[in-house]
Amino acid sequence: MQQTILHIDNIFTALQKELHKYKQPIVSRSKSGIPDTPFVTLISCLLSLRTKDEVTAQASRRLLKKYNTPETLVQLSEKQIASLIYPVGFYKTKAKRIKGISQTLLDKYQGEVPDEFEELLTLKGVGRKTANIVMVYGHKKHGYLPIDTHCHRIPNRLGWIKTKTPEDTEQALKKILPSEYWDDFNDLFVTFGQTICVPISPFCSRCPIQQYCTKVNVKSSR
Ligand code: SF4
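Residues numbered from 1 in each chain as written. Predicted model: local features only at pLDDT ≥ 70, side-chain atom pairs only at ≥ 80, totals over all residues.

Considering the domain arrangement of the protein
Going by this rule: Throughout, the edges of the domains are those of an automatic or database domain assignment. Any pair of residues counts as being in contact when their C-beta atoms, constructed from backbone geometry, are within 7 Å of one another. Strands are runs of DSSP state E lasting at least 2 residues, helices are runs of H or I lasting at least 4, and numbering of each runs from the N terminus. Residues were grouped as follows: Ala, Val, Leu, Ile, Met, Phe, Trp, Tyr, Cys and Pro as nonpolar; Asp, Glu, Lys and Arg as charged; and all remaining residues, including Gly, as polar.
When the domains of the protein are assigned, the result is domain 1 (8-24 + 144-212) and domain 2 (38-138). Distance from the C-alpha centre of domain 1 to the C-alpha centre of domain 2: 26 Å. Counting residues at the interface gives ten residues for domain 1, matched by six residues for domain 2. Secondary-structure elements contributing two or more residues to the side of domain 1 that touches domain 2 are α10 (166-176) and α11 (182-195). Examining the composition of the side of domain 1 that touches domain 2, we find that three residues originate from one element, α10, more than from any other. For the side of domain 1 that touches domain 2, a count of residues per class yields five nonpolar, one polar and four charged.

Some remarks on the nonpolar core
The following threshold applies: Residues enter a nonpolar core if they are buried, belong to Ala, Val, Leu, Ile, Met, Phe, Trp, Tyr or Cys, and are joined to the set through C-beta atoms within 7 Å. Exposure classes come from backbone-placed C-beta atoms, where a residue is buried if 20 or more other C-beta atoms lie within 10 Å of its own, exposed if 12 or fewer do, and partly exposed in between.
Counting 51 residues, the largest nonpolar core has Leu 42, Ile 43, Leu 63, Ile 85, Ile 98, Val 134 and Phe 192 as its most contacted members. For this core, the leading source of residues is helix α2 (residues 38-48), giving seven residues. Two domains each donate at least three residues to this core, and these are domain 1 (8-24 + 144-212) and domain 2 (38-138). Discounting residues that sit within four places of it in the chain, Val 134 has contacts with Pro 38, Thr 41, Leu 42, Cys 45, Val 113, Leu 120 and His 139.

As for the packing of helix α9 (residues 149-157) against α10
Definition in use: The axes used here are C-alpha line fits, helices contributing only the stretch in contact, and every angle between their N-to-C directions lies in the interval 0 to 180 degrees. Roughly parallel covers angles under 35 degrees, roughly antiparallel covers those over 145, roughly perpendicular covers 65 to 115, and oblique covers all other angles. By convention the crossing between two helices is left-handed if the near helix lies anticlockwise of the far one by an angle smaller than a right angle, and right-handed if it lies clockwise.
Between α9 and α10, whose axes approach to 9 Å, the crossing angle comes to 60°. Classified by the interaxial angle, the pair formed by α9 and α10 is oblique. Both α9 and α10 take part in a crossing whose hand is left-handed. On the side of α9, the interface is formed by Cys 151, His 152 and Pro 155, while α10 contributes Pro 166, Thr 169 and Leu 173. The residue inventory of the contact of α9 with α10, partitioned by class, reads four nonpolar, two polar and no charged.

Printed below as a string of structure tokens:
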């Protein structure tokens, strides 16, 4: 594993220049008519798990335009939540989780989303990725690195790290990625992974950072 990432500034600059024309990922995108609160970030992130961004965007709008606080959400039945968020993946389980979390926030945190990472992890259905996303995009805190499938795959392809799980990637990247890049990393690499460095057969011929990439385990590309 590298101790530092060579050309990191050039890489981030090239990605930012290329990717600004694409839509931001759903969890960090501002949502018209919906307040930008840690609760909205948390619920959008839960809805987005294993679901395409556009499906998540529409489900978030249907649910969160009117019900964007724990107080209003607990008034709904699981069935009502499920019908508002359908067809996101696992919509019945997510409806149950969302209602459960809203109730916990009211019972234990006066209706606020905790701004402590470890506290967030105690909420049922909240894992490291969601907790990191809430810290970065909900509470606007520095020092967190949310890792999803794109953020895990691409640094491995680039040859920055050699890891098997997103959890390992989070720890490995924190050692070699200078902290001034952490806030932008998730947004940038999710967009990059959805548009150019896609999971199967990435578009290397139009990749703005091709000269910095070792293409580890890339069997075919376009
Ligand atoms: S060159 Fe290909 S594999 Fe490497 S980062 Fe670019 S798109 Fe991904």
